[in-house]
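Remarks on the overall topology
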Amino acid sequence: MKGLLKCVLGIPIMLCVLYLMSPSLRVLIGLLPMEKCSLESAKMLVLDNSVDTSLDLWSRPDVLTCTSWKAPIIWEGMFDPDLYDRMHKKEGSSVALTVFAVGRYLDVYLRTFLNSSEHHFMLGLPVTYYVFTDVPEKVPDIKFAPRRSIKVIKVERNSRWQDISMMRMKTISDVIESDLRHHCTHVFCFDVDQVFTGRFGSEALADSVALLHAHYYRFPQKWFTYDRNPKSKAYMQTGDFYYHAAIFGGSWKSVKALTDACYQSIMEDKQNNVEALWHDESHLNKYLWLHKPSKVLSPEYCWDTEIGNRRDIQVTRVLWAPKYYDALRTR
């Protein structure tokens, strides 16, 4: 139902229903041409690090591999994983992963999320998991690889799932300030209802990292479901892409700036009795439009199998887990 409502608000109702109900139409949407990168080589990118010059922007002529502000969009086949791993090990990069497992989400998703991340997330680098939950004693006992550890932080359980989603911005900012920045160079923030299925490695690290939403990356911009309410701080008339709030990251300084700004906007909306259309995701899209990410991840990094097979998705690195909104979400 959430998918239907979200779609209806963004595109004509009949087309939306057909998109959600018809596998053949989803296939046709997947055939819509994407723009092509205008850069001749990766040396023309605004670089986060020297290894980004090794990106092969033209190894994937079927997809868009760079943005208008010269940031790379990472797809399978564009990068040498060994080069990225060697550089980040040499530079001493370390990664924090934040995830919220509140209420029944802990029971249903957290063990699978953590186990799968141990097989695929930033292998070879130091990783600290920051698990935020209202029931710390129920966090599963996972055996972590060397230089990988977990910190469990108790949070209050909000009465509405929308507030849980939005208030995570303040919680992440607070833990960055009090602890995380002293231990990790980079942060990735994840929704818990996902499963790692392939490499999610150091090629994804950058100062500011955003993710293309799997359902929207081939849609015309006018179909993006930005917040169109002028009373909201998340209001957008136009934008670059539609980003998925299920995964975002970057250096700890950049993530703190993002979470601080989103939280401030959320609180201003609350004071004005306004709630953004897609809650923290709407505010995240507004922030990333005003503050362009330095690296964008393709939908390989968070794919929904209900879309079906697409030729441009050559690997899947994270998959949406089955959603049980009616049973899991606190109302």
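- An unreviewed UniProt entry annotates the chain as Alpha 1,3-galactosyltransferase 2 originating from Cyclopterus lumpus.
- In its Subcellular location (unreviewed entry) section, UniProt records this for the chain: "Membrane".
- In its Sequence similarities (unreviewed entry) section, the UniProt record describing the chain reads: "Belongs to the glycosyltransferase 6 family."

1. Some words on the layout of surface pockets
- When its volume is computed, the second largest pocket comes out at roughly 420 Å³.
- Around the second largest pocket, the lining is made up of 20 residues, and of these E35, L64, Y217, D240 and F241 lie nearest the centre.
- Within the lining of the second largest pocket, the residues separate by chemical class into 12 nonpolar, 4 polar and 4 charged.

2. Some thoughts on the environment of W320
- Looking at the element boundaries, W320 is found in strand β10 (residues 318–320).
- Leaving out residues up to four positions away in the same chain, W320 has contacts with D193, H213, H215, H244, C302, W303 and D304.
- Within polar-contact distance, the side chain of W320 engages the backbone oxygen of C302 at 3.4 Å.

3. Re the sheet that holds strand β9 (residues 295–297)
- In space, the 8 strands of this open sheet follow the order β1-β9-β7-β8-β5-β2-β3-β4, with mixed pairing throughout. Whereas interior strands pair on both sides, the edge strands pair on one side only; in this sheet they are β1 (73–74) and β4 (148–154).
- Where strand β3 (residues 127–133) meets β4, 7 bridges bridge the pair, whose relative direction is parallel. From the neighbouring strand, V127 faces β4, where its bridge partner is R148.
- The strands touched by helix α5 (residues 104–120) are β2 (95–100), β3, β4 and β5 (186–190); relative to β3, the strand with the most contacts, the crossing angle is about 175 degrees.

4. A look at the state of the cysteines
- Overall, the coordinates contain 1 disulfide when judged by the stated rule.
- Paired through a disulfide, C37 and C66 show a sulfur-sulfur distance of 2.1 Å. Taking the torsion about the sulfur-sulfur bond, which here is approximately 105 degrees, the covalent link between C37 and C66 counts as right-handed. With C37 in the loop between α3 (23–30) and β1 and C66 in the loop between α3 and β1, the pair connects residues that are 29 residues apart, well separated along the chain. Across the pair, C66 and C37 agree in class, each one buried.

5. Some points on the UniProt feature "binding site: Mn(2+)" (unreviewed entry) in the chain
- Sequence positions flagged by UniProt for "binding site: Mn(2+)" (unreviewed entry) are, in local numbering, D191 and D193.
- Structurally, the position occupied by D191 is in the loop between β5 and β6 (194–196).
- In this view, D191 contacts V99, F113, R168, A245 and A246; residues no more than four positions away in its chain are not counted.
- Among the structural elements, D193 can be located in the loop between β5 and β6.

6. Notes on the pattern of salt bridges
- Considering all chains together, one arrives at 18 salt bridges under this definition.
- The salt bridge involving D85 is made with R199; its shortest N-O contact spans 3.0 Å. Of the two residues, D85 sits in helix α4 (residues 81–91) while R199 sits in the loop between β6 and β7 (208–211), which places them 114 residues apart along the sequence.
- Residue E118 pairs with R148 through a salt bridge whose shortest N-O separation is 2.6 Å. Taken together, the residues span a long stretch of sequence, with E118 in helix α5 and R148 in strand β4 at a distance of 30 residues.
- One network of salt bridges, with partners in common, ties together R60, D62, E76, E300 and R317.

7. What to know about the UniProt feature "binding site: an alpha-L-fucosyl-(1->2)-beta-D-galactosyl derivative" (unreviewed entry) in the chain
- Here, UniProt's "binding site: an alpha-L-fucosyl-(1->2)-beta-D-galactosyl derivative" (unreviewed entry) annotation points to H213, T225, E281 and D304.
- Inspection of the secondary structure assignment puts E281 in helix α8 (residues 280–290).
- Judged by its relative accessible area of 7%, E281 is buried.
- At a separation of 2.9 Å, a polar atom in the side chain of E281 contacts the main-chain amide nitrogen of A245.
- Residue position: D304 is located in the loop between β9 and β10.
- Among the residues examined, D304 registers a relative accessible area of 7% and is labelled buried.
- Residue contacts for D304: discarding those within four places in its chain leaves A214, H215 and W320.

8. Things to note about the pairing of β3
- Burial analysis of β3 places 7 of its 7 residues in the buried class, which makes it a mostly covered element.
- A two-sided burial pattern is seen for β3, the buried positions comprising V127, Y129, V131 and T133 on one face and T128, Y130 and F132 on the other.
- With 6 bridges joining them, β2 and β3 adopt parallel strand pairing. Across the sheet, residue V95 finds its bridge partner in β3, namely V127.
- In this fold, β2 hands off to α5, which returns the chain to β3; that crossover is right-handed.

Rules used in this analysis
- Residues numbered from 1 in each chain as written.
- Predicted model: local features only at pLDDT ≥ 70, side-chain atom pairs only at ≥ 80, totals over all residues.
- Heavy atoms only, no water.
- UniProt positions renumbered as here; feature names shortened; annotations may be inferred.
- 1 Å grid on protein atoms, 1.4 Å probe; cavity = no way out; pocket = protein on both sides within 12 Å on 5 of 7 lines; lining within 4 Å.
- Points joined across faces, edges and corners; volume = space filled by probe spheres on them.
- Nonpolar A, V, L, I, M, F, W, Y, C, P; charged D, E, K, R; others polar.
- Helix = DSSP H or I, 4+ residues; strand = E, 2+ residues; numbered from the N terminus.
- Contact = heavy atoms within 4.5 Å.
- Polar contact = N/O pair within 3.5 Å; in protein donor to acceptor, adjacent residues only side chain to side chain.
- Pairing = 2+ DSSP bridges.
- Axes fitted to C-alpha atoms, helices over the stretch in contact; angles between N-to-C directions.
- Disulfide = S-S within 2.5 Å.
- Buried < 20%, exposed > 50% of the residue type's maximum accessible area, 1.4 Å probe, protein only.
- Salt bridge = Lys/Arg side-chain N within 4 Å of Asp/Glu carboxyl O.
- Right-handed = clockwise from strand over helix to strand, strands pointing away.

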